[in-house]
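Listed below, chain by chain, are the residues.
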Amino acid sequence: MPITDVTKKQIAQQRRLFFRICFDCGAKNPIGGTRCRKCRGSHMRLKNRTLGAKK
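Residues numbered from 1 in each chain as written. Predicted model: local features only at pLDDT ≥ 70, side-chain atom pairs only at ≥ 80, totals over all residues. Heavy atoms only, no water.

## Re the overall build of the protein chain
Cut-off, in case you're wondering: A run of H or I in DSSP becomes a helix once it reaches four residues, and a run of E becomes a strand once it reaches two; helices and strands are each numbered from the N terminus. Using C-alpha atoms as the atom set, the radius of gyration is obtained and then compared with a globule rule of 2.2 Å times the number of residues to the power 0.38. The buried label applies to any residue whose accessible area, calculated with a 1.4 Å probe on protein chains only, is under 20% of its type's maximum; exposed applies above 50%, and partly exposed to all values in between. A contact between two residues is defined here by any heavy atoms of the two lying within 4.5 Å.
Within the protein chain, the regular secondary structure consists of 1 helix and 3 strands. If you list the helices and strands of the protein chain from N to C, you get α-β-β-β. A compact globule built from 55 residues would reach a C-alpha radius of gyration of about 10 Å, whereas the protein chain, at 14 Å, exceeds it by more than 25%. Dimensions of the protein chain along its principal axes, counting C-alpha atoms only, are 40 × 30 × 15 Å. Counting the 55 residues in the protein chain, one finds 16% classified as buried. When contacts within the protein chain are restricted to residue pairs at least 6 apart in sequence, long-range pairs at least 24 apart make up 20% of them.

## Quick word on the side chain of Asn29
Note the cut-off: Polar contact is the term for a pair of N or O atoms within 3.5 Å; when the atoms are in protein, one must be able to donate a hydrogen and the other to accept it, and sequence-neighboring residues count only if both atoms are side-chain atoms.
Note on placement: Asn29 falls in strand E2 (residues 28–29). In this structure Asn29 comes out as buried when scored by relative accessible area, which is 3%. One polar contact links the side chain of Asn29 to the main-chain carbonyl oxygen of Ala27, over a distance of 3.2 Å. In this structure the side chain of Asn29 is engaged in a polar contact, spanning 2.9 Å, whose partner is the backbone nitrogen of Arg37. Every residue in contact with Asn29, bar those within four places of it in the chain, is listed here: Phe19, Arg20, Cys22, Arg35, Cys36, Arg37 and Met44.

## Some words on the confidence of the model for the protein chain
Note the threshold: The pLDDT value expresses, per residue, how confident the predictor is, ranging between 0 and 100.
Averaged over all residues, the pLDDT of the protein chain equals 91, while 93% of them reach at least 70. Confidence, read as mean pLDDT per element, is least for helix H1 (residues 6–17) in the protein chain (92) and greatest for strand E1 (residues 20–22) (97).

## Examining a nonpolar patch on the surface
This is how it is decided: Here the term patch refers to residues with relative accessible area over 30% and no salt bridge, with like charges joined within 9 Å and nonpolar side chains (Val, Leu, Ile, Met, Phe, Trp, Tyr) within 5 Å. Computed by Shrake-Rupley with a 1.4 Å probe, the accessible areas treat only the displayed protein chains as cover when residues are assessed. Basic side-chain nitrogens of Lys or Arg form a salt bridge, by our definition, when they fall within 4 Å of a carboxyl oxygen of Asp or Glu.
Together, Phe18, Ile31 and Leu46 give the surface a local cluster of nonpolar side chains, amounting to about 240 Å² of exposed area. Note that Ile31 resides in the loop between E2 and strand E3 (44–46).

What follows is the structure, encoded as structure tokens:
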């Protein structure tokens with residue numbers, strides 16, 4: 001069931017796409033975080049936000 005309300009769609013996109021992934025353990029972390037919440041490592045990346053079909 002697609003979301004038609006613009007505000008709800010923006011909230012859903014923020015929660016789904018804007019966070020950091022730890023390279024060491026793979027945990028999801030907040031976008032403003034500098035250290036991993038799980039392993040305390042500082043080697044993190046932004047979540048890939050490219051749109052399109054998987055190959």
